[in-house]
Amino acid sequence: MKKRFIKKVAVLGSGVMGSRIACHFAGTGHQVLLLDIVPKDLPADAPAAAKNRIVNESLKAALQSSPAPLYEKQFEKNIQTGNFEDNLQEITQADWVIEVVVEQLEIKKQLFEKVERFRKPGTLISSNTSGIPIHSMIEGRSEDFKKHFLGTHFFNPPRYLQLLEIIPTPLTDPAIVDFLMAYGDKQLGKTTVLCKDTPAFIANRIGVFSMMAIMHIKEKLNLSIDEIDALTGPIIGRPKSATFRTADVVGIDTLVKVANGVAANCPNDESSHLFKIPAWLEKMVSNNWLGDKTGKGFFQKTKTKEGKKEILTLDLNTLEYKPRQKPKFPSLDAAKPLEDLHSRIKLLNQATDKAGEFFQQLHAHLFSYIALRIPEISDEIYRVDDAMKAGFGWEIGAFETWDLLGIEAIIQTIEKHDLPVAPWVKEMVAAGNSQFYKIDNGQRYCYDPASKNYKPLPGGSEYLLLSHRSDKLVWKNASCKLVDLGDEVLGLQWNTKMGSIGGDVLAGIQTAIEKAEANYKGLVIANEGSNFSAGANVGMIFMLAVEQEFDELNIAIRYFQQTMMRVRYSNVPVVVAPHGLTLGGGCELNLHADQCFPAAETYTGLVELGVGLIPGGGGTKEFVLRAGKEMHSDEPELNTLKNRFMTIATAKVGTSAQEAFSLGIYRKGIDEIVLNPNRRIANAKQAVLQLHQAGYTRPLEETAIPVLGRAGLGPLLAGIHAMKTAGYATEHDALVARKLAMVMCGGDLSEPTTVDEQYLLDLEREAFLSLCGEKKTLERIQNVLTSGRPIRN
């Protein structure tokens, strides 16, 4: 078969999904043709601008939306717009045509008839439908069209939700399916899940069932909306939007439509009664309370008499909006302090209060349902877990959760609630198998109901996860685990709140490098939670500062700096693979690594100014060092330093790995973006091996870093004064900025000179310690600790 390349993609339909799919393709380096209908009642000789009004306004709305649909604004240039009347023939240049028009079968079929006139043979053609049977769209189409046609269901927003469901028809060429499964993974950064052409496919079938089951359990246990969302959010590894907030975001009418669709099209579904819409939900739809799109749903944003923003919750008994109530469950209070998700889920499932009863009922319904959907919606159980994690943001899949709670124990729970247990599950247990997943020699396996055996999960070494190497443990402490990744490469991860870096983690990094230098080729540092690291342990800093233990604080900051320098000047390559929040100390770790492989969705920045500090773990030093190297280019010296200064002073965070390159955090030609986060650790390991093979030697320490002294200080201090005078900075902000400027200019030097790294580290640490004694700094740190949120600009 001829090798296939995708250079240009035509997206037909520019609504919310179409415009954002176009943006995602543009952001991943594709040329995009985005088309839509011509506005009605236009004269025949209307100019192109008028004919393209719908598509241009839709794209503009997408580009202005939050969160941003593009990795960086520059990718907007990859999108060309047009209309179906004048530009449909341009799809002859496309390698892939994706239909994203209104969810009406006849309209789609009419469009496909027009597409076939211009589509060149062999071009991929797909529909983004979320519910219309894929096979029903190809009636009357050519054999070549049918051979290259299938469903490609993206989830909204396409940039951020990883799931791409691939739904072939019986006539789709298997080679096309294989190509898109791989292409979506590697080039689009997606978790590609092969689905059967059944109603709602996999993710929406299970996700909407879960939401409808929760609504019925809510009525049975008389729980409030606030209570349900407290129980079904991050506490069990689900998104913050939990259940009812998710419904508001997605659209309550959309939820009802999918539920009705499953009920109507799945007459043999044993749980079809749970898809029945409750009376109060029907009333909400008739009232046009559809969520965010109409301003009212399960929640309503309003303002108090004082003008403060307030969110009200709908009381489903009275259908009146009331102030939110903080849920109170003993088990919820006991679970919140636990950092480990698995421990929280176990505790909540075993609880004897009302929350525990909710989870037992939910698990009974959910696990009974997913097992009975095999092989209806998928032959493989891992695809169900992949779909829910990538499409609905679950940190742990449903079958994975069942494993965690014990298969036999959950079977008893299911039967206790008079629900059916899938025969294949009972057969599996009777054969002596006690887990759906197992790990053997670093490889993860999944039970296959058809063959009644365990089979290795796809991806193998390309989807390297540290947690799947738990049987290869080399060393651990209270926070860290060091595992053998194979091929004489070590992998370090830690499990702390938001990946914060404290003494245990620093000790883990030092120990990992020591062991790697002794017996291995190198080290990969990565985490698998929601974030890589939100920064240093500010709680420890606050405690020492409040108690005025400045000697202890000095030792702690020095140890942080020494650890970062150990990363930089190791005798073996150290490669970091970050994702999610990579802030403060987490960013500093990346700044000192030999190479970084950030996931596309990595949010990186030095944010210490947000709490009245400067980067104290080598981050300020590293920016001075990099500015010095950039001074040899055509950029004027002061401009280079000023740009670096402003990045720290304004606590800028790259809202994608691409933006972090523009901020000078990641290095062009050295660090690499990994679109699919599941591949970053494997890529990092491969980089370690390549560096070792190339004859890695310990880098030479920097001993001649150019600093500007007063020549740089003057302009920076003048700018700080101007910002304060204009009211853009407080007195404390100005104080912190002056300290930062002093470090970045190498101190109050009479003329430019060169210094070594330790000189800058000492200046950096001295400034950091002095700011820890400031009352305003301590107040800001306390606010961060109270809110439980990471430091932001």
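Our structure is the block above this text.
Below: a short report on this structure. This one's a predicted model, so the numbers in the text were calculated from it and none came from an experiment.

1. A short note on the overall build of the protein
What the protein contains, in helices and strands, is 31 helices and 25 strands. The globule rule puts the C-alpha radius of gyration for 793 residues at 28 Å, and the 28 Å found for the protein is close to it. Looking at the 793 residues of the protein, the share that counts as buried comes to 56%. Of the roughly 33800 Å² of accessible surface on the protein, a fraction of 50% belongs to carbon and sulfur atoms. Each charge sign in the protein was given a centre, from 90 positive and 94 negative side chains, and these centres are 3 Å apart.

2. Considerations on the packing of aromatic side chains
For the structure on display, the rule yields 24 aromatic pairs. On the numbers, 3.8 Å between centres and 5° between planes, the contact of Phe209 with Tyr369 is stacked. Residue Phe209 is found in helix H8 (residues 203-221), and its partner Tyr369 is found in helix H15 (residues 354-372); the two are separated by 160 residues along the sequence. On the accessibility criterion, Phe209 (1% relative accessible area) is buried. Through successive ring pairs, a cluster of aromatic residues spans Phe367, Phe399, Trp402, Trp424, Phe436, Tyr447 and Tyr454. One cation-aromatic arrangement involves Arg444 over Tyr437; the distance from NZ or CZ to the ring centre is 4.1 Å.

3. Things to note about the pattern of salt bridges
As a working rule, side chains carrying opposite charge can pair if their charged atoms are close by. Following the criterion strictly, the structure yields 45 salt bridges and no others. Between Glu427 and Lys452 there is a salt bridge, and its shortest N-O distance comes to 3.5 Å. Of this pair, Glu427 sits in helix H19 (residues 423-430) while Lys452 is found in the loop between strand E13 (443-448) and strand E14 (453-456), placing the two residues 25 residues apart along the sequence. Linked through salt bridges whose partners overlap, the residues forming this network are Arg205, Asp269, Glu270, Arg373 and Glu376.

4. What about the packing of H15 against helix H17 (residues 398-405)?
For the pair H15 and H17, interaxial distance at closest approach is 10 Å and the crossing angle is 120°. On the basis of their axis angle, the class for H15 and H17 is oblique. The hand of the H15/H17 crossing is left-handed. Across the interface between the two elements, His363, Leu366, Phe367, Ile370 and Ala371 of H15 pack against Ala398, Phe399, Thr401, Trp402 and Leu405 of H17. In terms of residue class, the contact of H15 with H17 is built from eight nonpolar, two polar and no charged.

5. Side note on the packing of helix H24 (residues 619-630) against helix H29 (residues 731-744)
Two numbers describe how H24 lies on H29: the axes approach to 9 Å, and their chain directions differ by 50°. It follows that H24 is oblique to H29 by the angle criterion. Helix-helix and strand crossings are classified by hand; for H24 and H29 the assignment is right-handed. Seen from H24, the contacting residues are Thr620, Phe623 and Val624; seen from H29, they are Leu740, Val743 and Met744. Each residue belonging to the contact of H24 with H29 can be placed in one class, and the counts come to five nonpolar, one polar and no charged.

6. Describing the sheet that holds strand E1 (residues 8-12)
Here we have eight strands laid out as an open sheet, ordered E3-E2-E1-E4-E5-E6-E7-E8, and mixed in their pairing. Where the open sheet ends on each side, the last strands, each with one partner, are strand E3 (79-83) and strand E8 (191-194). Strand after strand, the sheet turns through a mean of 25° between neighbouring axes, direction not considered. Across five bridges, strand E2 (residues 31-36) lies against E3 in parallel orientation. By the bridge assignment, Asp36 is partnered in E3 with Asn83. Contacts from helix H5 (residues 105-118) reach E1, strand E4 (96-99), strand E5 (124-127) and strand E6 (149-154), with the element oriented near 170° to E5.

7. Remarks on helix H31 (residues 775-787)
Over its 13 residues, H31 extends 19 Å from the first C-alpha to the last, a length consistent with the 18 Å expected when each residue adds 1.5 Å. Of the residues making up H31, those classed as buried are Thr777, Leu778, Ile781 and Val784. Each buried residue of H31 lies within a common arc of 120° when the element is viewed along its axis, so the set occupies one face. Every exposed residue of H31 that faces more than 90 degrees away from the buried side is listed here: Lys775, Asn783 and Thr786. Buried positions along H31 lie against helix H21 (538-546), H29 and helix H30 (757-772).

8. Looking at a negative patch on the surface
A cluster of acidic side chains, namely Glu547, Glu549, Asp551 and Glu552, defines a negative patch on the protein surface. Counting through the fold element by element, Asp551 comes out in helix H22 (residues 550-568). By relative accessible area, Asp551 is classed as exposed at 63%.

9. Topic: the side chain of Asp248
By the element assignment, Asp248 lies in helix H10 (residues 244-250). One buried charge, Asp248, has no salt-bridge partner; the nearest side chain with opposite charge is Arg245, at 4.3 Å. A polar contact is formed between the side chain of Asp248 and the backbone nitrogen of Phe298, at a distance of 2.9 Å. There is a polar contact of 3.0 Å between the side chain of Asp248 and the backbone nitrogen of Phe299. Excluding residues that lie within four positions of it along the chain, Asp248 makes contacts with Leu290, Gly291, Asp292, Gly297, Phe298 and Phe299.

10. Structural notes on the state of the cysteines
Inspection of the entire model under this criterion finds zero disulfides. In this structure Cys772 is a free cysteine whose sulfur lies 19 Å from that of Cys587, the closest cysteine sulfur available. When its relative accessible area of 1% is taken as the criterion, Cys772 is described as buried.

11. Some remarks on H8
The end-to-end C-alpha distance of H8, which contains 19 residues, comes to 26 Å, matching closely the 27 Å that a straight helix rising 1.5 Å per residue would cover. Burial runs high along H8: 16 of the 19 residues are buried. In the stretch just after H8, Asn222 is the one whose phi turns positive, near 55°.

12. Quick word on the pairing of E13
Bridge count between strand E12 (residues 437-440) and E13: four bridges; the pairing is antiparallel. Within the sheet, the bridge partner assigned to Asp440 lies in E13 and is Gln443. Counting the residues in the hairpin turn of E12 and E13 gives two residues, including Asn441, whose phi is positive at 55°. In the sheet, E13 pairs with E14 via four bridges, with the strands oriented antiparallel. Counted as the bridge partner of Asp448 is Asn453 from E14. Here E13 folds back onto E14, and the loop between the two strands holds four residues, one of which, Lys452, carries a positive phi near 60°.

13. Quick word on unusual backbone geometry
The peptide bond linking Asn156 to Pro157 adopts the cis configuration, its omega dihedral lying at 0°. Of note, Pro157 is situated in the loop between E6 and strand E7 (163-168). Going from Ile374 to Pro375, the amide bond is cis rather than trans, its omega being 10°. Here Pro375 is to be found in the loop between H15 and helix H16 (381-392).

Cut-offs applied
Residues numbered from 1 in each chain as written. Predicted model: local features only at pLDDT ≥ 70, side-chain atom pairs only at ≥ 80, totals over all residues. Heavy atoms only, no water. Helix = DSSP H or I, 4+ residues; strand = E, 2+ residues; numbered from the N terminus. Rg over C-alpha atoms; globule rule 2.2 N^0.38 Å. Buried < 20%, exposed > 50% of the residue type's maximum accessible area, 1.4 Å probe, protein only. Areas by Shrake-Rupley, 256 points an atom, 1.4 Å probe, with all protein chains shown as cover. Lys, Arg positive; Asp, Glu negative; His and termini not counted. Charge placed at Lys NZ, Arg CZ, Asp CG, Glu CD. Phe/Tyr/Trp six-rings, centres within 6.5 Å; stacked < 30°, edge-to-face > 60°. Lys NZ or Arg CZ within 6 Å of the ring centre and 35° of its normal. Salt bridge = Lys/Arg side-chain N within 4 Å of Asp/Glu carboxyl O. Axes fitted to C-alpha atoms, helices over the stretch in contact; angles between N-to-C directions. Parallel < 35°, antiparallel > 145°, perpendicular 65-115°, else oblique. Left-handed = near helix turned anticlockwise from the far one by under 90°. Contact = heavy atoms within 4.5 Å. Nonpolar A, V, L, I, M, F, W, Y, C, P; charged D, E, K, R; others polar. Pairing = 2+ DSSP bridges. Expected span 1.5 Å × (residues − 1). Arc of directions from axis to C-beta. Patch = residues over 30% accessible without salt bridge, like charges linked within 9 Å, V, L, I, M, F, W, Y side chains within 5 Å. Polar contact = N/O pair within 3.5 Å; in protein donor to acceptor, adjacent residues only side chain to side chain. Disulfide = S-S within 2.5 Å.

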